[in-house]
Amino acid sequence: MNRIAMLLAATAFSALAGCATMPNDAGSDAGSDAATLHSRILTLDTHLDTPLHFARRGWSFADRHDLATDLAQLDIPRMEDGALDGGFFVTYTDQGPLTAEGYAGALAHARARSDLIDATLAKHADRIGTALTAADARRLNQQGKLIAFKSIENSYPLGEDISLLAEFHAKGVRMAGPVHGKNNQFADSSTDTPRWNGLSPLGRKWVAEMNRLGMVIDASHSSDATFDQMLELSKYPIILSHSSLRSANDHPRNLDEGRLRALAAKNGAMCVSTIYLSEMNMTPERAKLFAMYEQIGTMPPAQQADLTRRWRELDKTEQMWNADFEKFMAMALRAIEVAGPDHICFGADWDGGGGLLGIEDISAQPKITARLKAAGYSDADIEKMWSGNVLRILEAQGGGAVR
């Protein structure tokens, strides 16, 4: 199931429940203090779909791109501005048939995308470095370099060969989720009719192998039953790399507050996202453009520019999400209240459908820090949420230092 089909599965919408009015922007002194804090602390995002752009002709990760003329929400110059020090660059694979042929095609795609990430990072090694451990991230940050972890969204490419996880671990992958928008051989998706009632027998073996290798289990996109079983079976803390609260919008893709508390009790963390805070405005025109966006890496530059122009023109009359920065912050603050600052992180889903009015790309991220300061959270707690909790979970994995 591709992203467009998965996003079309969004059917339920309710107003944000019990959200207090957010405080006004801090005054100049407080704003300056928040900006200084944001530039000082280590900031990570756990789900970056930017590799979708790495193969684009005429596009460079090293160049600054303007949202008015380009759909990419992240590049090295905008990261270097201080909004984001690093994160997990995703190998995403579309869900296909559960057949030998389907698995083979998916594996070829995943290998190629992983290699593309490596090649792109190597090309800009003077500005961004690959991290395998929490210690690597801290070292790169001290050296003044940006940080790149690797992750897998949808383990479908593994087919029925769990040993392939070791291959991707050797390629530097340190986080993976079992499933995406449709059930697969490992587990039930949050946006599909249950087949396994959670994990399949193969999925249980997947959990054990993830633990053995020291790879972080990502429960975003998993059904409630899949989440429950991974939380129970995993020897180490798990994460949700890009999820929102169900109390903010009653959609199965989001996590309910009871499960967030259970996640916190097991020392895991949910990285709050900008997606599924509303019903999606997937009109026929938007659906057509989104399907084209999926193929942007194959388009000539003129066609890329035309897609951006059409997308931005549509934005003038209909936004993709009926939500904004205020709704995002209301949800984020509620999540912190439920789980505590030791169990919240950030994964906006940049370049994969994320972004809202007021938080359109990574340059808006210091606003989050300002709001957290205004809400009374300490500098130490804010740094935990931006990176400390993610690095703690990485360090907690039994084999996470294996190279």
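Further up the page is the structure itself.
Criteria and thresholds
- Residues numbered from 1 in each chain as written.
- Predicted model: local features only at pLDDT ≥ 70, side-chain atom pairs only at ≥ 80, totals over all residues.
- Heavy atoms only, no water.
- Pairing = 2+ DSSP bridges.
- Helix = DSSP H or I, 4+ residues; strand = E, 2+ residues; numbered from the N terminus.
- Axes fitted to C-alpha atoms, helices over the stretch in contact; angles between N-to-C directions.
- Contact = heavy atoms within 4.5 Å.
- Phe/Tyr/Trp six-rings, centres within 6.5 Å; stacked < 30°, edge-to-face > 60°.
- Buried < 20%, exposed > 50% of the residue type's maximum accessible area, 1.4 Å probe, protein only.
- Lys NZ or Arg CZ within 6 Å of the ring centre and 35° of its normal.
- Parallel < 35°, antiparallel > 145°, perpendicular 65-115°, else oblique.
- Left-handed = near helix turned anticlockwise from the far one by under 90°.
- Nonpolar A, V, L, I, M, F, W, Y, C, P; charged D, E, K, R; others polar.
- Disulfide = S-S within 2.5 Å.
- Salt bridge = Lys/Arg side-chain N within 4 Å of Asp/Glu carboxyl O.

**Some points on the sheet that holds strand β9 (residues 344-346)**
The strands making up a sheet associate through hydrogen bonds between their backbones, and the pairing can be parallel or antiparallel.
Item 1. Spatially, the 3 strands line up as an open sheet ordered β7-β8-β9, and their pairing is parallel. Looking at the sheet topology across the chains shown, the edges are occupied by β7 (239-243) and β9. The mean angle between the axes of side-by-side strands here comes to 25°, regardless of whether they run parallel or antiparallel.
Item 2. Alignment of β7 against strand β8 (residues 269-272), held across 3 bridges, turns out to be parallel. Paired with Ile-239 across the two strands is Ala-269, which belongs to β8.
Item 3. Where helix α14 (residues 379-396) meets the sheet, its contacts fall on β7, β8 and β9, and the angle it forms with β9 comes to roughly 105°.

**Concerning the packing of aromatic side chains**
Item 1. Counting across every chain of the model gives 10 aromatic pairs.
Item 2. Between Phe-54 and Phe-61, the ring centres sit 5.0 Å apart and the planes meet at 55°, which makes this aromatic pair tilted. Side by side, Phe-54 and Phe-61 carry an identical accessibility label, which is buried.
Item 3. Seen from their ring centres, Phe-290 and Trp-311 are 5.8 Å apart, and the 40° between their planes marks the pair as tilted. Here Phe-290 is found in helix α10 (residues 284-293), whereas its partner Trp-311 is found in helix α11 (residues 301-315), with 21 residues between them in sequence.
Item 4. Given a relative accessible area of 9%, Trp-311 falls into the buried group.
Item 5. Taken together, the ring pairs connect Phe-54, Phe-61 and Phe-89 into an aromatic cluster.
Item 6. When the ring centre of Trp-311 is taken as origin, the NZ or CZ atom of Arg-286, which lies over that ring, is 4.9 Å away.
Item 7. In this structure, Lys-367 is placed above the aromatic ring of Phe-325, and the distance from its NZ or CZ to the ring centre is 4.4 Å.

**Quick notes on the packing of helix α12 (residues 325-339) against helix α13 (residues 365-374)**
Item 1. Close contact between α12 and α13 brings their axes to 11 Å; oriented N to C, the two are set at 50°. Comparing their axes, α13 and α12 come out oblique. Read as a crossing pair, α12 and α13 show a hand that is right-handed. Every residue of α13 that contacts α12 at Phe-325, Glu-326, Phe-328, Met-329, Leu-333 and Ile-336 is listed here: Lys-367, Ile-368, Arg-371 and Leu-372.
Item 2. Taken together, the residues of the contact of α12 with α13 sort by class into 7 nonpolar, no polar and 3 charged.

**So, the state of the cysteines**
Item 1. Within this structure, the stated rule accounts for 1 disulfide.
Item 2. Between the sulfur of Cys-271 and that of Cys-345 lies a disulfide, 2.1 Å long from S to S. Between Cys-271 and Cys-345, the S-S torsion sits near -80°, and that sign places the bridge as left-handed. Taken together, the residues Cys-271 in strand β8 and Cys-345 in strand β9 connect sequence positions 74 residues apart.
Item 3. Residue Cys-345 is classed as buried on the basis of its relative accessible area, which comes to 0%.

**Structural notes on the pattern of salt bridges**
Item 1. Summed over the entire model, instances satisfying the criterion amount to 31 salt bridges.
Item 2. In this structure, the salt-bridge partner of Lys-182 is Asp-192, at a minimum N-O distance of 3.7 Å. Within this pair, whereas Lys-182 is found in the loop between β5 (173-176) and α7 (201-213), its partner Asp-192 is found in the loop between β5 and α7, the two being separated by 10 residues in sequence.
Item 3. Residue class for Lys-182 comes out partly exposed when judged on its relative accessible area of 38%.
Item 4. The shortest N-O distance in the salt bridge between Asp-224 and Arg-246 comes to 2.8 Å. You can see Asp-224 sitting in helix α8 (residues 224-233) and its partner Arg-246 sitting in the loop between β7 and α9 (257-265), a full 22 residues away along the chain.
Item 5. Overall, Asp-224 belongs to the partly exposed group, its relative accessible area being 24%.

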